[in-house]
Amino acid sequence: MPLRNLEGKAAGSLDFARDDGAWMMESLDQIKSRIEAAVPGAKIEIVANGSPSQQDSLLIDNEHAVATARFLRVDPALRLDFCSNVTGVDWLDRVVKKTIKVKTVVEGVEKEVDQTTEEEIPGYLEAVYHLYSMTHKHGPVIIRTRTADRAECARLSSLTPVWRSAEFQEREIYDLYGIHFDGHPDLRRILMWDEFEDHPMRKDYVQPDDFEWEPTPHDDVLARAKHHYPPRPQMDGAEGIVEPLKR
Amino acid sequence: MDATVQTIEAMERPPVTMASRLEGELLEVSMGPQHPSTHGVFRMNVALEGEIVRKLKPVFGYLHRNHEQIGEHTSYLGSMPYTDRLDYFCSMSNNWAYALSVEKLAGIEVPERAEYLRVILAELTRLQNHASLLGFLLSDMGAWGTPLMYAFREREKILDLFESLAGSRMMCDYMRFGGCRLDASEEWLARAKQIVDRFPEFLDEFEELILGNEIVIGRTQNVGKLSAELAISAGITGPMLRASGVNYDVRKVDGYGFYPRFKFRIPLGNHGDTYDRLMMRALEMRESVGILKQAFAQIQPGPIVNPKVKVRAFRPPAGEAYGRIEAPKGELGFYLISDGGPNPYRYRVRPPSFINLTVLEDLCLGHTVADVMVILGSVDIVMGEVDR
Amino acid sequence: MIGTGILKGMAVTARNFVGSYFDKERLITIQYPEERNPLPENYRNFPFLIYDGDDPHAGLRCVACKICEKECPPQCIYIVKSDDKKPDYMGKPQFYPKVFDIDISVCMSCQICVEVCPFEAIKMDKEFELSKRERFDALLSRKEELSKSNDYYHKIHPLEAAAVDKNLADAAAVAEAKKKAAAEAAAKAAAAKAAATKPPPAGDAASVPGKPTPSSQQ
């Protein structure tokens, strides 16, 4: 029989929802001050976003990350119970030029002169969390945690105890970027195979020359056989390419 | 419209927590990666006690094509054809999500006709995706392809529409930043309207074929129950979340595109089991037909792309943006970080199928091996999206 | 009664099966390759190069600007520019591609090369029955294979080809008009210059009253 929709809760198992579209969210400054009040010792910074999307984020220090996350989830006004996206980002060592106006004395007259300073920022790895609220239907609140460096100290606290959706995504960040998440229930590689070494999404990853080759016992037989047969470029590779590819 | 749902009362199922009276070890079986019912190359390491699943660990990565790193080496426009191949059933939705994120990043506006076309194509995609899913699930249950072919008959009509508009059935590459690539002629709109008008007849026939079927009901009711708290915590989105009773649809919450102009309802489930997840898709198809009829009535001629956007040498300002849509499988989001250059600095896809698989173990514990296939089918995964 | 759902389902399949003998719409299978579905105009599969007229070398529109090579996402196009030039459809001497290869095992038919080409030289073909027996060299399409005439383009994409021809004709007309205007302006400037350097005739200004003398003309 054709299925039709239910009005009100009756014998079937389906219902239709009313649309509530309340958009109430505090600004990032308010959230920042409330976090600092609720989690003592937390160091929060607001990272501005240059694009027209106006999605600024909060930089959270690693020791208080779990406490901050828990506060964000249980606080009645925010109720950020849905962690939508966990991203890893790799920042290499950068040199950032800053131009500031400095008062200097030029030929006896005090003037404001542009002075460019170069600041060296050491590289780090970052985990960015996009949080929404299913209860209040607002968001996003974006939080970031940074590692100290890109080598030994690439460790962060896992937020999986707070939001279960971070489980697979943090595993993926571990696999592709190499950030070790403390407190993750099952941290192992997820997209690459378990014996793989190195972390492919890092900016300084170099593809190995032989990544499509797997050693087999037959290889040395094939190497010896090659000497006895004429080369067949039309079967084994494209002949007639006039020049090597210049990129 | 009022519904009468056939349920089998007091269907006696054997108790699932049976303690084995025989001493023995758990049998570890690897289901997949070559398996007709795992929706792609997907592997599950299952530990069985008799027929009951005691542990289930999913293994991914067989279709990992490093789409995110390709995105870092390709221009913004060049990544658009690659997004077609993420969730290869729903290429129009993937294109829209990516275009939306770039438009958020660069602050680009979209003309009206382009927004209407985007809604029409996304809802057509939703129709064919949900129809295919119901067909595939029935095939997994052993229905030998008949419901699948019924669903594919409708899907072919929609794919023919895509082919005559975008040039390709599945890899459409149709959206551009600031609008759409080609305009839809009046004749195309008339043909699409005709197909949509006849869709409810197909839905009635399809529901008569499968949703009243006792075998389907017996195999899917009370199987794979997902509670609302677990669903929210695990980041489940899409019809799977709404089957557990949580009212969260990105079309209503974010109101992207022109969705606020259309009247449509969100179906919710009460039990969170597999049968509810099936019903979600069936009801969402009806709602999509309603949205399409309204869109066909409201669309007007006009420009389809924002003329201020450059096609070559497109450099958005430095910054980041996260844009998301309600794809047929869940919330599909793109997170882009730009450093002012022609290629993105970080290009991340938030894949709904991947995250919906977080709870697969919780759903399958205590059920039999046969139920695992049914539960996996109702999660609606496509490996192109899970592995990227 | 238990089983009614299954029986209703069977009734649906029976209706479709029996109906397929009477109703054309229920018989949806197309017996390929004896019957073929007509391809829509917009269908695209692998690019090709257009030449005007009969000579694939002289009429080739491509000027080896390498924009398509740069924008191609999987980088499947390989172009080597020539050293000499040949005249294009407007008569201006342009470079042409000495080598133009597309690896169709890599090409994903995204048609971005068509979108970015400023010379309407590369368009999408519709051939899809292209299976070959070898994996590598046979799937590399070279310039000779890729060059097809404008008449072929009109046959496969009639509306698009008509629009492209109109664009090219308009561009040619605009270029012609600009050239003519420039020529006229140059001729006028030359005539004015010649008139200015001619010595003014010694005339009685009083003999023809009212008529301005050349010397007073500017």
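**Q** What should I look at first to understand the overall build of chain C in this one?
**A** On a plain count of helices and strands, chain C comes out with six helices and eight strands. Ordering the α and β elements of chain C from the N terminus gives α-β-α-β-β-β-β-α-β-β-α-β-α-α. Per-residue burial over chain C gives 36% buried out of 218 residues. Pairs at least 24 residues apart make up 68% of the contacts formed inside chain C by residues separated by at least 6 positions. Of the roughly 13,800 Å² of accessible surface on chain C, 59% is carried by carbon and sulfur atoms.

**Q** In this structure, what is going on with the overall build of chain A? I would like to understand it.
**A** Of regular secondary structure, chain A possesses five helices and ten strands. Counting all 247 residues of chain A, 42% fall into the buried class. Pairs at least 24 apart in sequence give 55% of the contacts found in chain A among residues at least 6 apart. A total accessible area of about 14,300 Å² is found for chain A, and carbon and sulfur atoms account for 53% of it.

**Q** How do you make sense of the interface of chain C and chain B when you look at a structure like this?
**A** Interface size is often expressed as the accessible area that is lost when the parts come together. Facing 31 residues of chain C, the contacting portion of chain B comprises 33 residues. Taken together, both faces of the contact between chain C and chain B bury some 2,600 Å²; the carbon and sulfur share is 51%. Per-residue buried area on chain C facing chain B is highest for Asn-42, Arg-44 and Met-108 of chain C; these three make up 20% of the total on that side. As a salt-bridge pair, Arg-312 of chain B and Glu-71 of chain C come within 3.3 Å of each other at their nearest N and O atoms. The tally of links between chain C and chain B comes to 16 residue pairs in polar contact (both at pLDDT 80 or more). Put simply, the parts of the chain that give the side of chain C that touches chain B at least two residues each are helix H1 (4-19), helix H2 (67-71) and helix H3 (112-116) of chain C. It is H1 of chain C that provides the largest number of residues to the side of chain C that touches chain B, a total of nine residues.

**Q** What exactly am I supposed to notice about the pattern of salt bridges here?
**A** Pairing between side chains becomes possible if they bear opposite charge and their charged atoms approach one another. Residue and element names in this part refer to chain B. Enumeration according to the criterion identifies 54 salt bridges over all chains in this entry. Between Arg-176 and Asp-173 there is a salt bridge, with its nearest N and O atoms 3.1 Å apart. Looking at Arg-176, the relative accessible area reads 7%, which means it is buried.

**Q** For this particular structure, what's the right way to read the sheet that holds strand S7 (residues 140-141) of chain C?
**A** Strands in a sheet are paired, the pairing made by backbone hydrogen bonds, and the direction either parallel or antiparallel. Spatially, S2-S5-S7 (chain C) is the arrangement adopted by the three strands of the open sheet, whose pairing is antiparallel. A single partner strand is all that each edge strand has here, and the edge strands are strand S2 (77-81) and S7 of chain C.

**Q** How should the packing of helix H6 (residues 186-210) of chain B against helix H11 (residues 274-298) of chain B be read in this particular structure?
**A** How two helices pack is summed up by the angle between their axes together with the distance between the axes. Residue and element names in this part refer to chain B. Direction vectors running N to C along H6 and H11 enclose 160°, while the axes themselves pass 10 Å from each other. Between H6 and H11, the crossing angle belongs to the class labelled roughly antiparallel. Considering only the axes of H6 and H11, their crossing is left-handed. Residue-level contacts link Leu-189, Ala-192, Lys-193, Val-196, Asp-197, Phe-199, Pro-200, Leu-203, Asp-204 and Glu-207 of H6 to Ala-282, Met-285, Arg-286, Val-289, Leu-292, Lys-293 and Phe-296 of H11.

**Q** Help me understand helix H4 (residues 112-140) of chain B in this model?
**A** Every α-helix carries 3.6 residues per turn, so stepping three or four residues along brings you back to the same face. Residue and element names in this part refer to chain B. Spanning 29 residues, H4 covers 42 Å between terminal C-alpha atoms, matching the ideal 42 Å at 1.5 Å per step. Counting buried positions over the 29 residues of H4 gives 26, a clear majority of the element. Backbone geometry just after H4 places Gly-142 at a positive phi near 105°.

**Q** Would you mind showing me how to read the interface of chain A and chain B here?
**A** Contacts between the two partners involve 60 residues from chain A, matched on the other side by 71 residues from chain B. Buried surface at the junction of chain A and chain B, both sides included, amounts to about 5,800 Å², of which 56% is carbon and sulfur. Our enumeration of links across chain A and chain B arrives at five salt bridges. Salt-bridge contacts for Glu-320 of chain B lead to Arg-144 of chain A; the nearest nitrogen and oxygen are separated by 3.1 Å. Between the two partners, chain A and chain B, sit 20 residue pairs in polar contact (both at pLDDT 80 or more). Contributing elements (two or more residues each) for the side of chain A that touches chain B: strand S1 (14-17), strand S4 (82-91), strand S7 (124-132) and helix H3 (166-177) of chain A. Here the element with the most residues in the side of chain A that touches chain B is S4 of chain A; it accounts for nine residues. Residue classes in the side of chain A that touches chain B are distributed as 27 nonpolar, 17 polar and 16 charged.

**Q** I keep staring at helix H1 (residues 28-38) of chain A and nothing clicks. Help me out?
**A** Residue and element names in this part refer to chain A. Taken together, the buried positions of H1 are occupied by Leu-28, Ile-31 and Ile-35. The buried residues of H1 all sit within an arc of 60° when viewed along its axis, so they share a single face. Set apart from the buried face of H1 by more than 90 degrees, the exposed residues are Asp-29 and Ala-37. Where H1 is buried, its residues touch strand S2 (44-47), strand S3 (57-60), helix H2 (65-74) and strand S8 (141-146).

**Q** Would you explain the side chain of Ser-79 of chain B in this entry?
**A** Relative to the assigned elements, Ser-79 of chain B resides in the loop between helix H1 (67-73) and helix H2 (80-84). When near neighbours in sequence (up to four residues on either side) are disregarded, Ser-79 of chain B contacts Gly-71, Thr-74, Tyr-98 and Tyr-347 of chain B.

**Q** How should the sheet that holds strand S1 (residues 27-31) of chain B be read in this particular structure?
**A** All names here are of chain B. With antiparallel pairing, the three strands of this open sheet are ordered in space as S1-S2-S3. Among the strands making up the open sheet, the edge pair consists of S1 and strand S3 (52-59). When strand polarity is set aside, the average angle formed by the axes of neighbouring strands in this sheet is 20°. Examined bridge by bridge, S1 and strand S2 (residues 43-49) share five bridges and lie antiparallel to one another. The partner of Met-31 across the bridge, within S2, is Met-44. In the packing of helix H14 (residues 369-379) onto the sheet, contacts are made with S1, S2 and S3, and the angle to S2 comes to roughly 150°.

**Q** Which parts of the structure should I look at to understand the side chain of Thr-74 of chain B?
**A** You can see Thr-74 of chain B is positioned in the loop between H1 and H2. By relative accessible area, which is 8% here, Thr-74 of chain B ends up buried. Among the polar contacts made by the side chain of Thr-74 of chain B, one reaches the main-chain carbonyl oxygen of Ile-70 of chain B at a distance of 2.5 Å. Dropping the residues within four chain positions of it, Thr-74 of chain B is found in contact with Ser-79, Tyr-82, Asn-343 and Pro-344 of chain B together with Pro-73 of chain C.

**Q** How do you make sense of the confidence of the model for chain C when you look at a structure like this?
**A** For residues with low pLDDT, the predicted coordinates do not support detailed interpretation. All names here are of chain C. Averaged over all residues, the pLDDT of chain C equals 82, while 90% of them reach at least 70. Below a pLDDT of 50 lies the segment residues 203-218, which in the model reaches three contacts outside its immediate sequence neighbourhood of four places, other chains included. Scored as a whole, the predicted complex attains pTM 0.85, and scored at its interfaces, ipTM 0.85.

**Q** What exactly am I supposed to notice about the confidence of the model for chain A here?
**A** Residues and elements named next belong to chain A. Mean pLDDT for chain A: 76, with 79% of residues reaching 70 or above. For chain A, S1 is the element with the lowest average pLDDT, namely 42, and H3 is the one with the highest, namely 91. Contacts for the low-pLDDT stretch residues 238-247, under 50 throughout, to residues beyond four places or in other chains number 17 contacts.

**Q** Explain the environment of Glu-112 of chain A to me, please; I cannot follow it from the model alone.
**A** Residue and element names in this part refer to chain A. Among the secondary structure elements, Glu-112 is positioned in strand S6 (residues 109-121). Through-space distance from the C-alpha of Glu-112 to that of Val-102 is 5.4 Å; in sequence the pair is ten residues apart. With residues near it in sequence (within four places) discarded, Glu-112 still touches Lys-101, Val-102 and Lys-103.

How each quantity is defined
- Residues numbered from 1 in each chain as written.
- Chains lettered and ligands numbered in written order.
- Predicted model: local features only at pLDDT ≥ 70, side-chain atom pairs only at ≥ 80, totals over all residues.
- Heavy atoms only, no water.
- Helix = DSSP H or I, 4+ residues; strand = E, 2+ residues; numbered from the N terminus.
- Buried < 20%, exposed > 50% of the residue type's maximum accessible area, 1.4 Å probe, protein only.
- Contact = heavy atoms within 4.5 Å.
- Areas by Shrake-Rupley, 256 points an atom, 1.4 Å probe, with all protein chains shown as cover.
- Buried area = accessible area lost by both parts, 1.4 Å probe.
- Salt bridge = Lys/Arg side-chain N within 4 Å of Asp/Glu carboxyl O.
- Polar contact = N/O pair within 3.5 Å; in protein donor to acceptor, adjacent residues only side chain to side chain.
- Pairing = 2+ DSSP bridges.
- Axes fitted to C-alpha atoms, helices over the stretch in contact; angles between N-to-C directions.
- Parallel < 35°, antiparallel > 145°, perpendicular 65-115°, else oblique.
- Left-handed = near helix turned anticlockwise from the far one by under 90°.
- Expected span 1.5 Å × (residues − 1).
- Nonpolar A, V, L, I, M, F, W, Y, C, P; charged D, E, K, R; others polar.
- Arc of directions from axis to C-beta.
- pLDDT = per-residue confidence, 0-100.

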